[in-house]
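These are the residues of each chain, in order.
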Amino acid sequence: DARVTQTPRDKVTEMGQEVTMRCQPILGHNTVFWYRQTMMQGLELLAYFRNRAPLDDSGMPKDRFSAEMPDATLATLKIQPSEPRDSAVYFCASGLAASQVVGTDTQYFGPGTRLTVL
Amino acid sequence: DQQVKQNSPSLSVQEGRISILNCDYTNSMFDYFLWYKKYPAEGPTFLISISSIKDKNEDGRFTVFLNKSAKHLSLHIVPSQPGDSAVYFCAASESHTNAGGTSYGKLTFGQGTILTVHP
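This write-up is about the structure you can find in this document. Everything numeric in this text was worked out from a predicted model, so none of it was measured. Residue numbers here run from 1 along each chain, matching the order of that chain's written sequence. Lettering for chains starts from A, numbering for ligands starts from 1, and both go in the order in which the items are written. Reporting in this predicted model follows two pLDDT cut-offs: at least 70 for local features of residues, and 80 or more for side-chain atom pairs to be given and counted; totals over whole chains, interfaces and linings ignore these cut-offs and use all residues. Side-chain metrics rest on all non-hydrogen atoms present in the structure, leaving aside hydrogens and water.

### Remarks on the nonpolar core
Burial of nonpolar side chains together is a common tendency in soluble globular proteins.
Then step 1. By size, the foremost hydrophobic cluster in this structure holds 23 residues, and its most contacted members are B:Phe33, B:Trp35, B:Leu73, B:Leu75 and B:Tyr88.
Then step 2. The helix count covers DSSP runs of H or I at least four residues long, the strand count covers runs of E at least two residues long, and both are numbered beginning at the N terminus. Considering every element that reaches this core, the biggest residue donor is strand β9 (residues 86-93) of chain B, with four residues.
Then step 3. Between two residues, a contact is recorded if the distance between any of their heavy atoms is within 4.5 Å. Every residue in contact with B:Leu73, bar those within four places of it in the chain, is listed here: B:Leu21, B:Asn22, B:Cys23, B:Tyr25, B:Phe33, B:Trp35, B:Val64, B:Phe65 and B:Leu66.
Then step 4. Grouped together as the second largest cluster of nonpolar side chains are 22 residues, A:Met21, A:Val32, A:Phe49 and A:Ala88 included. Residues enter a nonpolar core if they are buried and are Ala, Val, Leu, Ile, Met, Phe, Trp, Tyr or Cys, with the set joined through side-chain atoms within 4.5 Å. Exposure categories follow from relative accessible area, calculated using a 1.4 Å probe and restricted to protein chains: below 20% of the type maximum is buried, above 50% is exposed, and the middle band is partly exposed.

This is the structure:
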């Protein structure tokens, strides 16, 4: 049963500290997404990668957030320095998007990382 | 600017009845639509989808209807069961074509509707 895994599941930290969230996409998927869920905004897309290359990170605060894919089995989202307004649940999702084929947008989500910045 | 809107934050339905969840969008370039279900402490899970070339897609108790002229889609669950109680998100996708080819995969989500099905 292939699943997206995320670590840690919960993270409590103090303002100003660095936070790193990790995601292992489903093997064989070529697209990885980072979302943030808040009460006000619902699910916001922060960034996404295809074949490990960043395609869109317009949803991320550039000064403090960074997203990378060191290899095909690991995606990271880093916040430095963290602020209380970053408190949210961060989801990673992966999918297999095939060019020229409509309907390949189904994404599979991990369980999320609940971040609390005090 | 919310391009995908779910105007009902919550919906309460009796077991066995029909649940209808609604979603509106503003971007006429969206050509693929999905519904996700989310339980507490879990990630959203894919439920059902529809391409803009169709106006209806059915999968068991779940049916999605698309009205392109009204930029509206709805999810019907019949009969509703207590296990359907969850947050439901609609999402939309737009294909992009440029010198590099056509890409898919970026979803825009609505805010979600909390469905409660009472026994």
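### Describing the packing of aromatic side chains
All names here are of chain A.
Then step 1. For Phe, Tyr and Trp, rings pair up if their centres lie within 6.5 Å, where Trp contributes its six-membered ring, and each pair is then called stacked (planes under 30 degrees apart), edge-to-face (over 60) or tilted (otherwise). Per the counting criterion, the structure on display carries 12 aromatic pairs over all chains.
Then step 2. Ring centres of Tyr 35 and Phe 109 lie 5.3 Å apart, and the angle between their planes is 35 degrees; this geometry places the pair in the tilted category. Here Tyr 35 is found in strand β4 (residues 31-38), whereas its partner Phe 109 is found in strand β10 (residues 108-109), with 74 residues between them in sequence. In this structure, Tyr 35 and Phe 109 share a single accessibility class: buried.
Then step 3. Ring geometry for Phe 91 versus Phe 109: centroids 6.2 Å apart, planes at 80 degrees, classification edge-to-face. One end of the pair, Phe 91, is in strand β9 (residues 88-95); the other, Phe 109, is in strand β10, with 18 residues separating them in the sequence.
Then step 4. Accessibility expressed as a relative area gives 1% for Phe 91, which makes it buried.
Then step 5. Using a relative accessible area of 11% as the deciding quantity, one classes Phe 109 as buried.

### Points about the sheet that holds strand β8 (residues 72-77) of chain B
Residues and elements named next belong to chain B.
Then step 1. Strand order in the open sheet formed by five strands is β1-β3-β8-β7-β6, and the pairing between neighbours is antiparallel. Among the strands making up the open sheet, the edge pair consists of β1 (4-5) and β6 (56-59).
Then step 2. Across six bridges, strand β7 (residues 62-67) lies against β8 in antiparallel orientation. Its bridge partner lying in β8, Phe 65 is registered against Ser 74. Note on pairing: DSSP must find at least two bridges between two strands before they are called paired.

### A few points about the sheet that holds strand β7 (residues 65-71) of chain A
Strand pairing in a sheet takes place through backbone hydrogen bonds and is either antiparallel or parallel in direction.
All names here are of chain A.
Then step 1. Across the sheet, four strands lie side by side as β1-β3-β8-β7; this open sheet has antiparallel pairing. At either end of the open sheet lies a strand with only one pairing partner, and these are β1 (5-7) and β7. For this sheet, the mean inter-axis angle between neighbouring strands, taken without regard to orientation, is 20 degrees.
Then step 2. Two strands pair when backbone bridges link them, and β1 and strand β3 (residues 19-24) are joined in this way by three bridges, in the antiparallel orientation. Each residue of the ladder has a partner; that of Thr 5, found in β3, is Gln 24. Only C-alpha atoms enter the line fits that serve as axes; for helices the fit covers just the stretch in contact. Angles between N-to-C directions range over 0 to 180 degrees.

### Considering the pairing of strand β6 (residues 53-56) of chain A
Residue and element names in this part refer to chain A.
Then step 1. In this structure, strand β5 (residues 42-50) lies alongside β6, joined through three bridges in antiparallel fashion. Across the sheet, Phe 49 pairs through a bridge with Pro 54, a residue of β6.
Then step 2. Turn length for the β5-β6 hairpin, with the two strands adjacent in sequence and antiparallel, is two residues, and the turn residue Asn 51 shows positive phi of about 50 degrees.

### Section: the pattern of salt bridges
Then step 1. Criterion for a salt bridge: a side-chain nitrogen of Lys or Arg within 4 Å of a carboxyl oxygen of Asp or Glu. Under the definition given, this model contains six salt bridges over all chains.
Then step 2. The residue A:Asp86 makes a salt bridge to A:Arg64 at a minimum N-O spacing of 2.6 Å. Of this pair, A:Asp86 sits in the loop between β8 (74-79) and β9 while A:Arg64 sits in the loop between β6 and β7; the two residues are 22 residues apart in sequence, bridging distant segments of the chain.
Then step 3. For B:Asp84, the salt bridge identified is with B:Arg61, shortest N-O distance 2.8 Å. Linking B:Asp84 in the loop between β8 and β9 with B:Arg61 in the loop between β6 and β7, this pair joins segments that are 23 residues apart in sequence.
Then step 4. One connected set of salt bridges, linked through shared partners, spans A:Arg64, A:Glu83, A:Arg85 and A:Asp86.

### What to know about unusual backbone geometry
Then step 1. Omega for the bond connecting A:Gln80 with A:Pro81 falls within 30 degrees of zero, at -5 degrees, which places this linkage in the cis form.
Then step 2. Here B:Val78 and B:Pro79 are connected by a cis peptide whose omega angle stands at -10 degrees.
Then step 3. Following the sequence through the fold, B:Pro79 ends up in the loop between β8 and β9.
Then step 4. The backbone of A:Asn51 shows a phi angle near 50 degrees, a positive value even though the residue is not glycine.
Then step 5. Along the chain, A:Asn51 turns up in the loop between β5 and β6.
Then step 6. With phi around 75 degrees, A:Arg52 is a residue other than glycine that occupies positive phi space.
Then step 7. Tracing the backbone through its elements, the reader meets A:Arg52 in the loop between β5 and β6.

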